[in-house]
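Descriptive analysis of the structure
The residues making up each chain are set out below.
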Amino acid sequence: MQDTLNSHQDLPALLAAQRHAFVAEPAPSLGQRKVRLATLRKAVLAYRARFQAAISADFSHRSAFETDIMELMGVVQAIDYLSKKLRRFMKPQRRHVGLYYQSGKAYVSYQPLGVVGIMAPWNYPLSLTLIPLATALAAGNRAMVKPSELTPRTSALLQEMLAASFPKEEVAVVLGGPELGADFSRLPFDHLFFTGSTAVGRKIMQSASDNLVPLTLELGGKSPALVAPGYAKAEAAAHIAYGKLANGGQTCVAPDYALVHEDERDAFIAHYQQAVARLYPKGPDSDDYTAIVNQRHFDRLNSLIDDARRQGAEVLTLGNRAAKPRDRTLAPTLILGATAQMAVMQEEIFGPVLPVLTYRTLEEAIDFINARPRPLALYYFGATDQQCAAVLARTTSGNVGINNTLLHVVQDDLPFGGVGPSGMGAYHGIEGFRAMSHGKGVFIQGRWALPKLLRAPFGKLAKWTMT
Ligand code: NAD
């Protein structure tokens, strides 16, 4: 069992201990890495019920099953995927050798980076710490993890679980808020993996730059859901409602706003209302409906709604409230007639509030998306035809979901990451393994010494001209 590490002074000493251990054992074998992944898997399953309870208490309410399907299943699936693919990922990759160097051999060897720092947000406090951790371990690294202070019970349980499962020189969790986060991000890690807001991501990148620490930034933004004219509104509305309302809307890849054709807006709204009633028959008091993480975020969301209403938008609150509603549950809300100037269209919503905007032509919708910062995800509902190809070619987003929401994230073999202000770098798939490895190019001289011809004295060779 490790000691509890919470203080700022512990950080450099902890990093030094991990680095020392890494130097002593810089190349963990396939077998050692698989044991670490298996240890993590076993621990997560053993702590399952305690995590479900801790997260529900941290959020004021989240159903155990939502924690299972939105977090624990993903963690276990990612560990299994990495264990299965690891032999292939670790294998050196043969590369082409140019004509003059034939008989030599070129390959890329993937070696661990050393110590990886992992900083996580509160919205999926397990999967956003443990999937990066599994990736770091698969790549043969050691890791220091800083979970969010906004889910204190879950973060403390993570610390307890990982301390009981790994020596601190292999994996350690440090607890604290933004101040500790600032110190953490200034450490000279071999890689820093940050998931959180774009605003904090900017600060993290500045801190990391002092030591030239390479980093992955998994950030946020406003992910649009674009419904093509003529596409089944019931289908689109059902997927958008699911993606918007899972975890009470507190999902980085949730559809932030919907763009529908102006002639089809009313049909879309009716289908959205029906979809919400199917998902949450008791409205926001349904057991499956997750509360907002804290009062600050609850007030922030209410003020986005109030601001839109004040500026002339129509606000539809869905689902009947019980006489005594559960703490901090915010009813699914539609905002109609939102304008680009309203706060709800300026900042990432991160709650169960969906502005529905209209367009006249698909071109206009694409222009609207392109006039805004590049999003983490883009959802398109339409036939997979030329129109779809045009939307894909003309927009840039971290990832794309076609005729669904959220599901690209759980495709273990696909890279997951943002672009521009929604992030930098990616994980999941082989991209995750490579992000946390150093791909070292190696060239082995062959038996023939042709390259010697290219050395001075050049003599007649100097007359040679390139074609
Ligand atoms: P946040 O940026 O406030 O916090 C993330 C982490 O940074 C936390 O551990 C926090 O303690 C730490 N931190 C906060 N302020 C800091 C500072 N000044 N210096 C150093 N560290 C600091 O994000 P959040 O509110 O926890 O999470 C919500 C955001 O995260 C949303 O924008 C969401 O879109 C994004 N997000 C992105 C992904 C993704 O995979 N791309 C996933 C989930 C959430």
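Note that the coordinates shown come from a computational prediction; the quantities given were computed from them, not determined experimentally.

Okay, the overall build of the chain next. In terms of regular secondary structure, the chain is built from 14 helices and 16 strands. For 467 residues, the compact-globule estimate of 2.2 N^0.38 gives 23 Å, and the C-alpha radius of gyration of the chain, at 25 Å, lies within 12% of that figure. The proportion of buried residues among the 467 residues of the chain is 43%. In the chain, 71% of the contacts between residues at least 6 apart in sequence involve partners at least 24 apart.

As a further point, take the packing of helix α3 (residues 48-59) against helix α4 (residues 64-90). The description of two packed helices rests on the angle between their axes and on the distance between the axes. Put simply, α3 and α4 touch, their axes get as near as 9 Å, and they point 110 degrees apart. Between α3 and α4, the angle is such that the two are roughly perpendicular. Contacts from Arg-48, Phe-51, Gln-52 and Ile-55 in α3 reach Ala-64, Thr-67 and Leu-72 in α4. The residue inventory of the contact of α3 with α4, partitioned by class, reads 4 nonpolar, 2 polar and 1 charged.

Taken together, 28 residues lie near the ligand, and Pro-121, Gly-181, Gly-196, Gly-220 and Cys-252 sit nearest. Sorting the residues of the shell around the ligand by element identifies α7 (178-185) and α8 (198-210) as the ones contributing at least two each. Looking at the shell around the ligand, the element that brings in the most residues is α7, giving 4 residues. Residues that form the shell around the ligand fall into these classes: 12 nonpolar, 11 polar and 5 charged. Lining the shell around the ligand are residues from two domains, each supplying at least three of them: domain 1 (10-219) and domain 2 (224-410).

The parts lose accessible area when they come together, and the size of an interface is often stated as this lost area. Assigned domains within the chain: domain 1 (10-219) and domain 2 (224-410). Here domain 1 and domain 2 have C-alpha centroids that lie 31 Å from each other. With 11 residues of domain 1 at the interface, the matching set in domain 2 holds 15 residues. By residue number, the principal contributor to the side of domain 1 that touches domain 2 is α4, which donates 3 residues. For the side of domain 1 that touches domain 2, the per-class residue count stands at 4 nonpolar, 5 polar and 2 charged.

What follows is about the UniProt feature "active site" (unreviewed entry) in the chain. Following the UniProt record, one finds the feature "active site" (unreviewed entry) at Glu-218 and Cys-252. Sequence-wise these annotated residues cover 35 residues; spatially they are packed, their C-alpha atoms never more than 9.3 Å apart. Here Glu-218 is to be found in strand β7 (residues 215-218). Contacts of Glu-218, omitting those with residues within four sequence positions, involve Phe-194, Thr-195, Gly-417, Gly-418 and Gly-423. Summarising the element assignment, Cys-252 is placed in the loop between α9 (233-245) and β9 (255-261). Beyond its immediate stretch of four places on either side in the chain, Cys-252 contacts Asn-123, Gly-220 and Leu-376.

Our focus in this paragraph is the sheet that holds strand β13 (residues 377-381). Reading across the sheet, the 7 strands line up as β10-β11-β12-β9-β8-β13-β14 and stay open at both edges, with mixed pairing between neighbours. The sheet is open, and its two borders are formed by β10 (314-317) and β14 (399-402), each paired with just one other strand. Pairs of neighbouring strands in the sheet enclose a mean axial angle of 20 degrees, with direction left out of account. With 4 bridges connecting them, strand β11 (residues 333-336) and strand β12 (residues 353-359) associate as parallel partners. Each residue of the ladder has a partner; that of Ile-335, found in β12, is Pro-355. Its contacts with the sheet place α9 against β8 (223-227), β9, β12 and β13, and it is angled at close to 165 degrees to β9.

Of note, the bond from Ala-456 into Pro-457 is cis; its omega dihedral lies within 30 degrees of zero at 0 degrees. In this fold, Pro-457 is placed in the segment after β16 (437-444). Positive phi, normally seen in glycine, also occurs at His-428, with a value near 70 degrees. Mapped onto the elements, His-428 comes out in the loop between β15 (423-424) and α14 (429-435).

All right, on to the sheet that holds strand β3 (residues 115-119) then. Neighbouring strands of a sheet are bound in pairs by backbone hydrogen bonds; such pairs are parallel or else antiparallel. One open sheet holds the 6 strands; their spatial order is β5-β4-β3-β6-β7-β15, and the pairing between them is mixed. The sheet is open, and its two edges are formed by β5 (171-173) and β15, each paired on a single side. For β3 and strand β4 (residues 142-146), the ladder comprises 5 bridges, and the chain directions are parallel. By the bridge assignment for β4, Val-115 is matched with Arg-142. Along the sheet, α7 contacts β3, β4 and β6 (191-195); its crossing angle with β3, the most-contacted strand, is approximately 155 degrees.

The next subject is the packing of α9 against helix α10 (residues 265-279). For the pair α9 and α10, interaxial distance at closest approach is 8 Å and the crossing angle is 50 degrees. The angle between the axes of α9 and α10 places the two elements in the oblique class. Here the hand of the crossing between α9 and α10 comes out right-handed. In this structure, α9 contributes Lys-233, Ala-234, Ala-236, Ala-237, Ala-238, Ile-240, Ala-241, Tyr-242 and Leu-245 to the contact, and α10 contributes Ala-267, Phe-268, His-271, Tyr-272, Ala-275, Val-276 and Leu-279. Its residues assigned to classes, the contact of α9 with α10 comprises 14 nonpolar, 1 polar and 1 charged.

Each value, and the rule that gives it
Residues numbered from 1 in each chain as written. Predicted model: local features only at pLDDT ≥ 70, side-chain atom pairs only at ≥ 80, totals over all residues. Helix = DSSP H or I, 4+ residues; strand = E, 2+ residues; numbered from the N terminus. Rg over C-alpha atoms; globule rule 2.2 N^0.38 Å. Buried ≥ 20, exposed ≤ 12 C-beta atoms within 10 Å, placed from the backbone. Contact = placed C-beta atoms within 7 Å. Axes fitted to C-alpha atoms, helices over the stretch in contact; angles between N-to-C directions. Parallel < 35°, antiparallel > 145°, perpendicular 65-115°, else oblique. Nonpolar A, V, L, I, M, F, W, Y, C, P; charged D, E, K, R; others polar. Near = placed C-beta within 6 Å. Domains from an automatic or database assignment. UniProt positions renumbered as here; feature names shortened; annotations may be inferred. Pairing = 2+ DSSP bridges. Left-handed = near helix turned anticlockwise from the far one by under 90°.

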